[in-house]
Amino acid sequence: MTSSDVARQPDKGPRGLNLAGHVGFDSLPDQLVNKSICQGFCFNILCIGETGIGKSTLMDTLFNTNFENFESSHFEPQVKLRAQTYDLQESNVRLRLTVVNTVGFGDQMNKQESYQPVVDYIDRQFESYLQEELKIKRSLHNYHDSRVHACLYFISPSGHSLKSLDLVTMKKLDSKVNIIPVIAKADTISKSELHKFKIKIMSELVSNGVQIYQFPLDDETVAKVNTSMNGHLPFAVVGSTEEVSVGNKMVKARQYPWGIVQVENENHCDFVKLREMLICVNMEDLREQTHTRHYELYRRCKLEEMGFKDTDPECKPVSLQQTYEAKRQEFLVELQKREDEMRQMFVQRVKEKEAELKDAERELQSRFEQLKRLHADEKANLEDKKRLLDEDQSSFSKRRAAAQLLQAQSFTANGKKDKDRKNSGFM
Amino acid sequence: MYINILILYISYQFLEKNSIGADLFGYVGIEAVLDQMRMKTMKAGFEFNIMVVGQSGLGKSTLVNTLFKSKISRKSCTPNYEEKICKTVKLHAVSHVIEEKGVKMKLTVVDTPGFGDQINNENCWEPIVKYINEQYEKFLREELNVNRKRRIPDSRVHCCIYFLPATGHRLRPIDVEFMKRLGKMVSIVPVIAKADTLTVEERQEFKEQIRKDLDANGICVYPQEEFDEDPDERLLNHRIRESIPFAVVGTDQEHQVNGNKVLGRKTKWGIIEVENVAHCEFANLRDLLIRSHLQDLKDVTHNILYENYRVRRLNESNITFSELELSSWPTENGTDKSQL
């Protein structure tokens with residue numbers, strides 16, 4: 001009786017329409033922004049660099065706060081990562097910032113495996129997001145996103161070129177995270193050396209095929225700024241939380257005997273550019289790239305690794321559900337097989353044990369019989385001997401009795417005779 | 001604009017939970033992320049899908065045209081429109097792209113001609129239920145693909161406007177049945193159509209009676225009480241819940257009233273101004289749907305109703321796809337493209 005038939009327009013795209021008056025959905029971006037304000041934002045930065053290169057100081061300077069860091073030793077046996085989460089608020093925007101620092105990077109003698117803990121950490125965050133997304137009952141809009149949105153790679157200011165450790169690490173990370181290289185402790189390089197250094201670094205990165213994060217150029221309002229900033233990469237930064245008075249103001253600076261390096265002075269270092277690019281202009285784009293590019297790549301690789309495909313050999317679309325079902329059946333069948341095998345083995349073992357025990361029992365029984373026989377023999381022997389002894393004894397006692405009688409008789413006869421003799425003697 | 005050079009007022013509020021609150025000693029610029037987000041969403045554009053359900057002749061197309069101030073749906077009473085009494089409920093989806101002050105929106109209106117028009121209306125909601133489920137299913141399949149599109153096209157129904165005829169009495173059985181079944185699947189906004197046949201007192205009584213009937217039958221309409229997240233929202237939504245269903249009048253003709261051009265219906269006894277809150281509640285409906293709660297409608301659909309569908313679907317591992325009688329979705333050119 002009822003059937004549904006959806007008639008749609010021919011698929012050349014929806015028509016544009018002119019509005020005769022003010023409808024009011026121009027407030028839609030505002031509605032969206034208000035909702036996001038209620039929920040709060042989330043941003044995760046990963047800082048990779050050698051010990052003592054100034055990662056924690058730069059984070060303090062960037063976010064204008066004191067993150068309670070402590071110095072790490074240079075004697076770590078392995079590279080570790082330390083993540084700390086902070087809640088910041090500026091006017092009505094709440095930001096949950098997670099700063100992940102590497103501990104012991106570049107300190108070991110053998111640095112071949114240095115990049116591995118970092119890659120593992122990034123993959124772990126992707127994995128936990130993927131797990132949450134694949135759950136049946138999930139709560140994605142409440143989920144605390146811990147995927148790394150930006151990676152600041154600290155290059156030490158040698159003035160020559162990139163170290164091979166830097167190249168290897170960046171190459172491994174460029175498809176997993178947005179890499180922004182920065183030159184740390186830039187107040188040790190002079191202006192001309194810095195210019196040459198930057199060119200050298202960028203050409204090395206290009207020639208090695210390392211894809212660092214490019215500031216997006218598709219939005220007209222920020223394209224101009226981003227293009228010029230793209231030319232200034234990598235940013236040469238100086239970090240400082242100490243304040244020095246310059247002129248009549250207190251500014252963040254580093255004081256040397258020969259002068260004062262002001263952190264927020266664009267002539268002295270690129271710190272302001274970094275802050276603007278990282279936070280003011282491109283934070284949302286960094287998050288979007290992480291989600292749509294790096295995470296999707298990870299997800300695709302992971303699912304393909306697990307055996308899920310979009311199309312089966314006949315090029316018909318296969319859904320995840322069907323593949324999952326098929327795998328589940330396979331798994332159940334294998335489980336059943338294993339269970340049967342185990343059961344069989346168990347039964348066999350039981351039988352063997354039983355046979356063994358039976359043998360032992362039989363042996364014991366025969367031994368018992370044997371001993372019993374021996375015992376009976378012994379007993380019979382002893383019985384015989386006893387009988388003989390008894391017979392001996394009885395015959396002996398008979399003879400003794402007889403002997404005694406004889407003696408008694410002879411005694412009385414003798415006695416009589418004696419008496420007679422005595423008596424006769426008298427006579 | 002994106003460089004905010006003014007020193008802003010910084011509040012020192014500590015937030016509990018597992019993280020450490022930190023004071024900001026100076027300007028950082030975190031606020032600029034709001035502008036970034038605004039620009040990105042404006043560039044990407046929005047999608048909104050609305051479904052209108054009700055008997056023919058209740059003014060569904062007129063209301064949609066009035067809401068969006070353009071000729072979106074063709075009215076069934078225009079002379080060129082060939083109307084056949086369809087024996088079945090057919091759903092008819094039309095998409096348009098509208099733009100206002102730089103904000104682009106792809107609006108899809110799904111019409112349901114034939115609903116409630118037959119003599120025997122049993123199960124007339126089934127095609128609608130099937131359509132809504134199909135949209136959820138489509139989205140789910142896209143989401144589960146290994147190669148996913150960057151932006152999954154959203155054709156899920158965000159809002160369903162249900163037209164109640166202005167009888168003045170109470171909810172009819174078909175209304176109760178429909179809203180009971182669909183209340184859990186889609187956000188229903190009931191409206192009293194052609195409300196210019198009711199006086200203000202009759203309107204109030206009718207609305208109260210409807211609210212009582214909704215309560216008695218356990219029907220949840222938008223804004224659903226269980227989805228309120230914080231006290232402010234609850235307060236706001238409570239006020240809205242006190243005044244649903246909105247009594248609306250739709251028109252696309254303009255008349256002169258006191259020297260102003262207003263949208264209204266001209267009758268021999270006066271002009272009913274559509275956007276005048278003293279005359280009818282169209283302005284309230286428009287504010288609710290478009291100006292204040294549009295994003296919320298989409299969020300409720302995505303975060304709650306779609307998730308419910310997904311949980312149910314993924315738990316039904318025994319049912320194969322063919323049993324559900326869903327047509328296979330043809331992919332473009334036979335292959336699945338991952339658009340970057």
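Note that this is a predicted model, so its numbers are computed, not measured. Within each chain, residues carry numbers counting from 1 in the order of the written sequence. As they are written, the chains are lettered A onward and the ligands numbered 1 onward, keeping that order. Under the rules for a predicted model, residues below a pLDDT of 70 receive no local features and side-chain atom pairs below 80 are neither given nor counted, while totals for whole chains, interfaces and linings still include all residues. Note that water and hydrogens are dropped before the side-chain values are worked out from all heavy atoms of the structure.

Looking at the nonpolar core
The definition of a nonpolar core used throughout is a set of buried Ala, Val, Leu, Ile, Met, Phe, Trp, Tyr and Cys residues joined through side-chain atoms within 4.5 Å. Only protein chains enter the accessibility calculation, which uses a 1.4 Å probe; a residue whose area is less than 20% of its type maximum is buried, one above 50% is exposed, and one in between is partly exposed. Grouped together as the largest cluster of nonpolar side chains are 89 residues, with contacts concentrated most on Phe63(A) and Leu152(A). Apart from residues no more than four positions distant in its own chain, Leu152(A) is found in contact with Ile45(A), Leu46(A), Cys47(A), Ile48(A), Leu58(A), Met59(A), Ile180(A), Val182(A), Leu274(A) and Leu278(A). Counting residues in hydrophobic clusters, the runner-up holds 88 residues, among them Leu28(A), Leu63(B), Trp125(B) and Val186(B). Only heavy atoms matter for contacts: two residues are in contact if any of them lie within 4.5 Å across the pair.

Points about the side chain of Asp270(A)
Secondary structure elements are taken from DSSP: a helix is a run of H or I of four residues or more, a strand is a run of E of two residues or more, and numbering for both begins at the N terminus. In this fold, Asp270(A) is placed in the loop between strand E11 (259-262) and helix H7 (271-281). Setting aside its immediate chain neighbours within four residues, Asp270(A) contacts Lys198(A), His232(A), Pro234(A), Phe235(A), Ala236(A) and Val237(A).

Topic: the sheet that holds strand E10 (residues 270-273) of chain B
Think of a sheet as strands paired side by side through backbone hydrogen bonds, with each pair either parallel or antiparallel. All names here are of chain B. In space, the three strands of this open sheet follow the order E8-E9-E10, with antiparallel pairing throughout. Each end of this open sheet is capped by a strand with a single partner; those strands are strand E8 (254-257) and E10. Between one strand axis and the next, the sheet turns by 65° as a mean value, whatever way the strands run. In this structure, E8 lies alongside strand E9 (residues 260-267), joined through four bridges in antiparallel fashion. Paired with valine 257 across the two strands is asparagine 260, which belongs to E9. In this description, strands pair whenever DSSP reports at least two bridges between them. Only the contacting stretch of a helix is used when fitting its axis, a line to C-alpha atoms as for every element, and angles between N-to-C directions run 0 to 180 degrees.

A closer look at the pairing of strand E6 (residues 150-155) of chain A
All names here are of chain A. The buried fraction of E6 is high, at six of six residues. The alternating pattern of E6 places Ala150, Leu152 and Phe154 on one face and Cys151, Tyr153 and Ile155 on the opposite face, and all of these are buried. Sheet topology places strand E3 (residues 41-48) next to E6; four bridges connect them, and they run parallel. Within E6, the position partnered with isoleucine 45 by the bridge is alanine 150. Direction of pairing for E6 relative to strand E7 (residues 179-183): parallel, over a ladder of five bridges. Across the sheet, residue leucine 152 finds its bridge partner in E7, namely isoleucine 180.

Section: the UniProt feature "coiled-coil region" (unreviewed entry) in chain A
UniProt positions are given in the numbering used here, feature names are shortened, and annotations may be inferred rather than shown by experiment. Feature annotation in UniProt assigns "coiled-coil region" (unreviewed entry) to the following positions: residues 343-388 of chain A. Within residues 343-388 of chain A, the helical portion is 100% and the strand portion 0%, while the C-alpha atoms at the span's ends are 67 Å from each other.

A look at a nonpolar patch on the surface
A residue counts toward a patch only above 30% relative accessible area and without a salt bridge, and it is joined to like-charged neighbours within 9 Å or, for Val, Leu, Ile, Met, Phe, Trp and Tyr, to nonpolar neighbours within 5 Å. Only the protein chains shown count as cover for residues, and all accessible areas are computed by the Shrake-Rupley method using a 1.4 Å probe. When a carboxyl oxygen of Asp or Glu is within 4 Å of a side-chain nitrogen of Lys or Arg, the pair counts as a salt bridge. Together, Phe331(A), Leu332(A) and Leu335(A) make up a nonpolar patch on the protein surface, roughly 290 Å² of accessible area in all. With respect to the helices and strands, the residue Phe331(A) is situated in helix H9 (residues 320-426).

So, the packing of helix H1 (residues 28-39) of chain A against helix H1 (residues 32-44) of chain B
Interhelical geometry of H1(A) versus H1(B) gives an angle of 135° and a closest axis separation of 10 Å. The angle between H1(A) and H1(B) places the two elements in the oblique class. In this structure, H1(A) crosses over H1(B), and the sense of that crossing is right-handed. Across the interface between the two elements, Pro29(A), Asp30(A), Leu32(A), Val33(A), Ser36(A) and Ile37(A) from H1(A) touch Leu34(B), Met37(B), Arg38(B), Thr41(B) and Met42(B) from H1(B). Asp, Glu, Lys and Arg are counted as charged, while Ala, Val, Leu, Ile, Met, Phe, Trp, Tyr, Cys and Pro are counted as nonpolar; the rest, among them Gly, fall into the polar class. Partitioned by chemical class, the residues of the contact of H1(A) with H1(B) number seven nonpolar, two polar and two charged. Here roughly perpendicular refers to angles of 65 to 115 degrees, roughly parallel to angles under 35, roughly antiparallel to angles over 145, and oblique to all remaining angles. Handedness of each helix crossing follows the sense of rotation of the near helix against the far helix: counterclockwise by less than a right angle gives left-handed, clockwise gives right-handed.

Considering helix H8 (residues 283-305) of chain A
All names here are of chain A. Take the residue count of a helix, subtract one, and multiply by 1.5 Å to get its expected span. In this model H8 runs 32 Å from its N-terminal to its C-terminal C-alpha over 23 residues, within 8% of the 33 Å that 1.5 Å per residue would give. The term bend refers to the angle at a residue between two fitted axes, each drawn through seven residues, those ending there and those starting there. At tyrosine 295, H8 is deflected by roughly 35°, the largest bend along its length. Backbone geometry just after H8 places glycine 307 at a positive phi near 105°.

Quick look at the environment of Glu90(A)
All names here are of chain A. Topologically, glutamate 90 is positioned in strand E4 (residues 80-90). Given a relative accessible area of 1%, glutamate 90 falls into the buried group. Distance from glutamate 90 to valine 347, taken between C-alpha atoms, is 71 Å for residues 257 residues apart in sequence.

Focus: the confidence of the model for chain A
All names here are of chain A. On average, chain A scores 84 in pLDDT, and the residues at 70 or more come to 89%. Within chain A, E6 carries the highest mean pLDDT (92), whereas strand E1 (residues 6-7) carries the lowest (43). Segment residues 1-12: pLDDT under 50, and 29 contacts once partners within four positions in sequence are set aside and those in other chains are kept. In predicted models, pLDDT denotes the confidence assigned by the predictor to each residue on a 0 to 100 scale.

Examining unusual backbone geometry
The omega angle of the peptide bond from Leu233(A) to Pro234(A) is -15°, so this bond is cis rather than trans. Relative to the helices and strands, Pro234(A) is located in the loop between helix H6 (220-230) and strand E8 (235-236). Residue Pro245(B) is bonded to the preceding Ile244(B) through a cis peptide linkage, with omega at -5°. For Lys185(A), which is not glycine, the phi torsion reads 50° and is therefore positive. Here Lys185(A) is to be found in the loop between E7 and helix H5 (191-207). With phi around 50°, Lys194(B) is a residue other than glycine that occupies positive phi space. In this fold, Lys194(B) is placed in the loop between strand E6 (188-192) and helix H5 (200-216).

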